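Chain and residue survey
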Amino acid sequence: PEFSAGIKSGSIIAGWPVDSPLGSYYGKRFAEVYSGMRWSPNLAGGRSLRLQIDGGVFLRRPAQLIDFRHFNGLLSRVQNRGDNRFRDLDIYANSTTGSWTTAFLRFSNGRMLLNRMEALNRIGLGEEFFVSGLITDRIRHLELGYSILTPFQAVGIDGFISFDSLRRRNTGFRILIGF
């Protein structure tokens, strides 16, 4: 089961041990405890901040890949727009049966870089800075980047640089489709 409680401008979630139906089917019982928080404070001046931090640990390790903790990653150059994803991680390469922590931060301001030019500001481009992080027993991954979004966030581009254990891993971009 999962518990959710509202706080000013955000929420806190928590989950506790539950036996997986598939795990029980295969005769392997496991349990995962996790918690997290989401925070989106009201900022003045057209600014926006979104923060999500989650973490957990398996008390009894699952035996089946389907029951591991997976992280929203995709190596494709074209991706759907989503706040809580990794741009430079394969979805299954860093799955874990141990402890894990993820963090996602997005910040936008009415006039960051491109929108300081009046002609581009009139178009209604959106701009965001983002930070995404993952810590497991096998990896310490960090992504820093900048997004440009068309009006209504229909299409966009992410530019990013990623690090593993503070060593530069990759630099790249992704085309975003807002669906």
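Anyway, here's the lowdown on the structure attached to this text. None of the values given here were measured: they were computed from a predicted structure.

Take the pairing of strand β6 (residues 100–108) next. Every regular strand shows the same layout, with side chains that alternate between the two sheet faces. By the alternation rule, side chains of β6 split into Trp 100, Thr 102, Phe 104, Arg 106 and Ser 108, which are all buried, and Thr 101, Ala 103, Leu 105 and Phe 107, of which none is buried. Where strand β4 (residues 48–60) lies against β6, nine bridges are found, and the strand directions are antiparallel. When the sheet's bridge partners are listed, Ser 48 is paired in β6 with Ser 108.

Here the focus is the environment of Ile 66. Position of Ile 66 relative to the elements: it lies in the loop between β4 and β5 (78–80). A C-alpha to C-alpha distance of 10.0 Å links Ile 66 and Tyr 92, two positions 26 residues apart in sequence.

This paragraph deals with the packing of aromatic side chains. A complete count under the given rule lists three aromatic pairs for this structure. Seen from their ring centres, Phe 129 and Tyr 146 are 5.5 Å apart, and the 50° between their planes marks the pair as tilted. Of this pair, Phe 129 sits in strand β7 (residues 126–136) while Tyr 146 is found in strand β8 (residues 140–149), placing the two residues 17 residues apart along the sequence. With relative accessibility at 17%, the residue Tyr 146 sits in the buried group. The ring of Tyr 34 has Arg 69 lying over it, and the distance from NZ or CZ to the ring centre is 5.7 Å. Over the face of the ring belonging to Phe 130 we find Arg 87, whose NZ or CZ atom lies 3.6 Å from the ring centre.

Let us now look at unusual backbone geometry. Residue Ser 165 is not a glycine yet carries a positive backbone phi of 50°. Position of Ser 165 relative to the elements: it lies in the loop between β9 (155–164) and β10 (167–177). Residue classification places Ser 165 among the exposed residues on the basis of a relative accessible area of 54%. With a phi close to 65°, Leu 166 is a non-glycine residue in the positive phi region. Relative to the assigned elements, Leu 166 resides in the loop between β9 and β10.

Right, let's get into the pattern of salt bridges. Scanning the model with the defined rule gives eight salt bridges in all. Between Arg 50 and Glu 128 there is a salt bridge, with its nearest N and O atoms 3.0 Å apart. A residue pair is termed long-range when its members are at least 10 positions apart, and Arg 50 in strand β4 and Glu 128 in strand β7 qualify at 78 residues. Glu 128 gets classed as buried once you look at its relative accessible area, which sits at 4%.

Here we take up the nonpolar core. One recurring pattern in soluble globular proteins: nonpolar side chains tend to sit buried together. Counting residues in each nonpolar core, the largest one holds eight residues, listed as Tyr 34, Phe 71, Phe 86, Leu 89, Trp 100, Phe 104, Leu 134 and Ile 139. Setting aside anything within four residues of it in sequence, one finds Phe 71 in contact with Phe 86, Ile 91, Asn 94, Ser 95, Thr 96, Trp 100, Thr 102, Leu 134 and Thr 136.

Calculation notes
Residues numbered from 1 in each chain as written. Predicted model: local features only at pLDDT ≥ 70, side-chain atom pairs only at ≥ 80, totals over all residues. Heavy atoms only, no water. Buried < 20%, exposed > 50% of the residue type's maximum accessible area, 1.4 Å probe, protein only. Helix = DSSP H or I, 4+ residues; strand = E, 2+ residues; numbered from the N terminus. Pairing = 2+ DSSP bridges. Phe/Tyr/Trp six-rings, centres within 6.5 Å; stacked < 30°, edge-to-face > 60°. Lys NZ or Arg CZ within 6 Å of the ring centre and 35° of its normal. Salt bridge = Lys/Arg side-chain N within 4 Å of Asp/Glu carboxyl O. Core = buried A, V, L, I, M, F, W, Y, C linked by side-chain atoms within 4.5 Å. Contact = heavy atoms within 4.5 Å.

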